[in-house]
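The residues making up each chain are set out below.
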Amino acid sequence: MSIISTLINGLSMGAVYALIALGYTMVYGIAKMLNFAHGDVIMVGSYVLFVFTMKSIKNPFLAILLAILFCVILGVLVECIAYRPLRGAPSLAVLITAIGVSFLLQSVAQLIFTVTPKQVTMFQFNSIEFNGLTIKTESIITLVVGMIVMIALTVFVNKSKTGRAMLAVSEDRGAAQLMGINVNRTIVITFAIGSALAAVASVFMLFIAPVTDPTLGAMPGIKAFVAAVLGGIGSIPGAMIGGVILGIVEQFALKYEFLASYSDAIVFAILILVLLVKPSGILGKKRHEKV
Amino acid sequence: MKSKKNFDWKTLLLGNKSYLLVAFITIVTGVLVGVGVITKRTPIITPDLLTQIAYTMIMVVSLNLVVGFLGELSLGHAGFMYIGAYVAGLTLYYTHSLIPFGLLRFLIAMLLGGLAAMLFGFIVGLPALRLRGDYLAIVTLAFGEIVRGVLKNITVGDMIKNPAVGFNIKDLTTSYSKYLFLIAFILVIVTIFCVQNIAKSKHGRAITAIKDNEIAARSMGVNITYYKLIVFAIAAFFAGVAGAIFANYTTVAPAIFDYNYSIEFLVMVVLGGMGSVFGSLISSIIIVFLNVQLRSLLTGNLAGLKNLVYALILIIMMIINASPKFVTLREKMNWSYVKSKLQSKKEKS
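Cut-offs and rules
- Residues numbered from 1 in each chain as written.
- Chains lettered and ligands numbered in written order.
- Predicted model: local features only at pLDDT ≥ 70, side-chain atom pairs only at ≥ 80, totals over all residues.
- Heavy atoms only, no water.
- Helix = DSSP H or I, 4+ residues; strand = E, 2+ residues; numbered from the N terminus.
- Rg over C-alpha atoms; globule rule 2.2 N^0.38 Å.
- Buried < 20%, exposed > 50% of the residue type's maximum accessible area, 1.4 Å probe, protein only.
- Contact = heavy atoms within 4.5 Å.
- Areas by Shrake-Rupley, 256 points an atom, 1.4 Å probe, with all protein chains shown as cover.
- Lys, Arg positive; Asp, Glu negative; His and termini not counted.
- Charge placed at Lys NZ, Arg CZ, Asp CG, Glu CD.
- Pairing = 2+ DSSP bridges.
- Domains from an automatic or database assignment.
- Buried area = accessible area lost by both parts, 1.4 Å probe.
- Polar contact = N/O pair within 3.5 Å; in protein donor to acceptor, adjacent residues only side chain to side chain.
- Salt bridge = Lys/Arg side-chain N within 4 Å of Asp/Glu carboxyl O.
- Nonpolar A, V, L, I, M, F, W, Y, C, P; charged D, E, K, R; others polar.
- Core = buried A, V, L, I, M, F, W, Y, C linked by side-chain atoms within 4.5 Å.
- Phe/Tyr/Trp six-rings, centres within 6.5 Å; stacked < 30°, edge-to-face > 60°.

Asker: Where do I start with the overall build of chain B in this structure?
Answerer: Along the backbone of chain B there are 16 helices and zero strands. In summary, chain B has a C-alpha radius of gyration of 22 Å against a globular reference of 20 Å for 349 residues, a match within 12%. For chain B, the spread of C-alpha atoms along the principal axes amounts to about 80 × 60 × 50 Å. Burial statistics for chain B: of 349 residues in total, 51% are counted as buried. The contacts of chain B with a sequence gap of at least 6 include a subset with a gap of at least 24, amounting to 78%. With an accessible surface of roughly 16,500 Å², chain B has 67% of that area assigned to carbon and sulfur atoms. Distance from the positive charge centre (31 side chains) to the negative charge centre (13 side chains) of chain B: 8 Å.

Okay, here's the thing in structure tokens:
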């Protein structure tokens, strides 16, 4: 029985990782860059939630909307100010810039809110008792909302005009431009969607542990990136699969005492093993370098 | 035979500003400490600060070999340093009753630490053969976190009872701890010697060729497997050596060697200029000095300002150095470009 509840916890954790991983994978597929600062957008979202649920307004639903809005604006600003001037620069330069943006967001948060963790309680949940099985309501909510968001995103990308433009740009930027697609606009939209997903993920992160500090996003961000690479970076279903695998593995590692303190090491070891066996990830396409 | 005769030690050692800089620092500070002008209580410069500068220099120069010369991003350099510090610490702890000479003990510990890190550098170099760019960067980051995640759980006999807090072997180094910074600076010179000679040799040209275009380099007959592995192993060896110095100087704890520490070294490489050994040395001095000064100046929550400055350095340096628009602008602002324009104008008139 306890295996089932661990599985449900793992699935809901996996849904959070998948939401974050989608932001990484979409940006990587379309702008061909690793947005190292993506995890810190979650942290910014959690602070917006903190300000609007604990200090002013005190309406959690409005706070979630405002957090999404704020993160979208932030993501677009970062894209336009820091990443756009480097379009066409070597990938090493872009990656270092992204690391810089991550440092910047963390240090600004530290200057404004200090390093002391802040309590953010949005809703009160009860656990469900079912045949001697205790299931947390927030896990179910995370799982359901996460699935709805992912289905909506898949439909959006595959059916809408903008979504197809995104697919085209990720396939071949030059050809997409020749077909009349506004590449810069598509990249900005991708960043906006990724940041909105990160804001949703920040709500779920606060369900799991209702405190936030300036490094809240760093570790989940890196783990979600591991999930994205695991599933094959650039592939949207890959990010979802990778996120779920990572969440389940992590929850099962945490369940057993002798493995619990190694859970981070296990997650990263899986990444290295998968990349050694299949460098393009589970669903990734192998790209041949051309001269 | 002819080339051997032309081998000129004078230009090799004296015609190079990196050696001059480090030798100057070593001699001046060595004399000042020996005379007693610099002590633990001196404001601004202390032997501890000099030790910090020295091991940071070794870290940054060796990271520059990977990032600047080979062109691969490594975010796990602090992980190699941790391995070096750990192995060197264990060696020092378990040999201090066996080997009577402090300096000999230190050398053995340093070599073992370096070799252990080198072994792991070789292992991390293996995925580097199949992965490129961003993927490799994340694998090196994962490696550093694995090292931390494993070592924080292992207790070792009497020495490491509480692995999360780490260990401190400063009591065992009293016979040479006053002059630790001198040993460290001599090791900096050894590092510079190795890195510069690799960079200037035919091996260095092969490594640079891999950075510029891997496929072209391979088609010219460069053995990519060999060079990638060897660069990762050498850089890791020196990171291990820096770790050994670190273990002699302060507490070795898992919380120190996280990926932010690796990024700090990356900031210094970028600030000094990728591929420039002299630049690495200068930026290590500046950043370590600022770090120590700011640490006492900005306490508590203002400490975030330090990272804010790092972040701005990284972003602004990258945009100015690598942005296609700025590169053309810089070419136009270049003094020699303006000069040649003026000259051609003169010739016309």
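Asker: Sorry if this is basic, but what is going on with the pairing of strand β2 (residues 127–130) of chain A here?
Answerer: Note on strand geometry: in a regular strand, side chains alternate between the two faces of the sheet. Residues and elements named next belong to chain A. Relative to strand β3 (residues 133–136), β2 runs antiparallel, the two sharing four bridges. Within the sheet, the bridge partner assigned to Ile-128 lies in β3 and is Ile-135. Hairpin connection, β2 to β3: the antiparallel pair is bridged by two residues, and Asn-131 has positive phi, about 55°.

Asker: Whenever I open this one, the environment of Met-179 of chain A confuses me. Can you help?
Answerer: Residue and element names in this part refer to chain A. As for its placement among the helices and strands, Met-179 is situated in the loop between α7 (173–178) and α8 (183–208). Accessibility expressed as a relative area gives 68% for Met-179, which makes it exposed. Measuring from C-alpha to C-alpha, the distance between Met-179 and Ala-165 comes to 9.8 Å, with 14 residues separating the pair along the chain.

Asker: Is there a simple way to explain the domain arrangement of chain B in this structure?
Answerer: It is common to report an interface's size as the accessible area lost on association of the parts. All names here are of chain B. Taken domain by domain, chain B comprises domain 1 (12–297) and domain 2 (302–349). Measuring from the centre of the C-alpha atoms in domain 1 to the corresponding centre in domain 2 gives 31 Å. Taken together, both faces of the contact between domain 1 and domain 2 bury some 780 Å²; the carbon and sulfur share is 79%. On the domain 1 side of the interface with domain 2, the three residues burying the most area are Val-267, Val-270 and Leu-271, jointly 52% of the side's total. The interface formed by domain 1 and domain 2 holds two residue pairs in polar contact (both at pLDDT 80 or more) in total. Of all elements in the fold, only α12 (259–272) and α13 (277–297) reach the threshold of two or more residues within the side of domain 1 that touches domain 2. Of all the elements, α12 adds the most residues to the side of domain 1 that touches domain 2, at four residues.

Asker: Please explain the interface of chain B and chain A as it appears in this structure.
Answerer: With 47 residues of chain B at the contact, the number on the chain A side is 48 residues. Summed over both sides, the interface of chain B with chain A buries roughly 4,200 Å², with 76% coming from carbon and sulfur. On inspection of chain B and its partner chain A, the count reaches zero salt bridges. Mapped by element, the contributors of at least two residues to the side of chain B that touches chain A are α6 (102–130), α7 (133–151), α12 and α14 (304–322) of chain B. Class assignment for the residues of the side of chain B that touches chain A results in 34 nonpolar, eight polar and five charged.

Asker: I'm lost on the nonpolar core in this one. Help?
Answerer: Generally speaking, soluble globular proteins have nonpolar side chains that are buried together. Judged by nonpolar contacts, the single largest core of 205 residues is most densely connected at Phe-36, Leu-49 and Tyr-83 of chain A together with Leu-75, Phe-185, Val-188 and Leu-266 of chain B. Examining the composition of this core, we find that 17 residues originate from one element, helix α11 (residues 224–249) of chain B, more than from any other. Built from parts of two domains, this core gets at least three residues from each of domain 1 (12–297) and domain 2 (302–349) of chain B. Apart from the residues lying within four places of it in its own chain, the contact partners of Val-188 of chain B are Val-22, Ala-54, Met-57, Ile-58 and Leu-281 of chain B.

Asker: Please explain the packing of aromatic side chains as it appears in this structure.
Answerer: By convention here, two paired aromatic rings are described through the distance between centres and the angle between planes. One pass over the full model with this rule turns up 20 aromatic pairs over all chains. Judged by centre distance (5.8 Å) and plane angle (55°), the rings of Phe-204 of chain A and Phe-207 of chain A are tilted. Of this pair, Phe-204 of chain A and Phe-207 of chain A both sit in helix α8, three residues apart, which is roughly one turn of that helix. Each ring, one from Phe-246 of chain B and one from Phe-257 of chain B, has its centre 5.2 Å from the other, and the planes form 65°; the classification is edge-to-face. Of this pair, Phe-246 of chain B sits in helix α11 while Phe-257 of chain B sits in the loop between α11 and α12, and the two are 11 residues apart along the sequence. The class for Phe-257 of chain B is buried, based on a relative accessible area of 1%.

Asker: Even after reading the chapter, I still don't get the pattern of salt bridges, so can you show me in this structure?
Answerer: Two side chains with opposite charge may pair up if their charged atoms get near one another. Scanning the entire structure with this criterion turns up eight salt bridges over all chains. As a salt-bridge pair, Glu-79 of chain A and Arg-87 of chain A come within 2.9 Å of each other at their nearest N and O atoms. Residue classification places Glu-79 of chain A among the buried residues on the basis of a relative accessible area of 0%. Lys-228 of chain B is the partner of Glu-214 of chain B in a salt bridge, and the nearest nitrogen-oxygen pair spans 3.4 Å. Highlighted residues: Glu-214 of chain B in helix α10 (residues 214–219) and Lys-228 of chain B in helix α11, separated in sequence by 14 residues. The pair formed by Glu-214 of chain B and Lys-228 of chain B is uniform in burial state, with each residue classed as buried. Put simply, Glu-72, Glu-214, Arg-218 and Lys-228 of chain B are held in one network by salt bridges that share partners.

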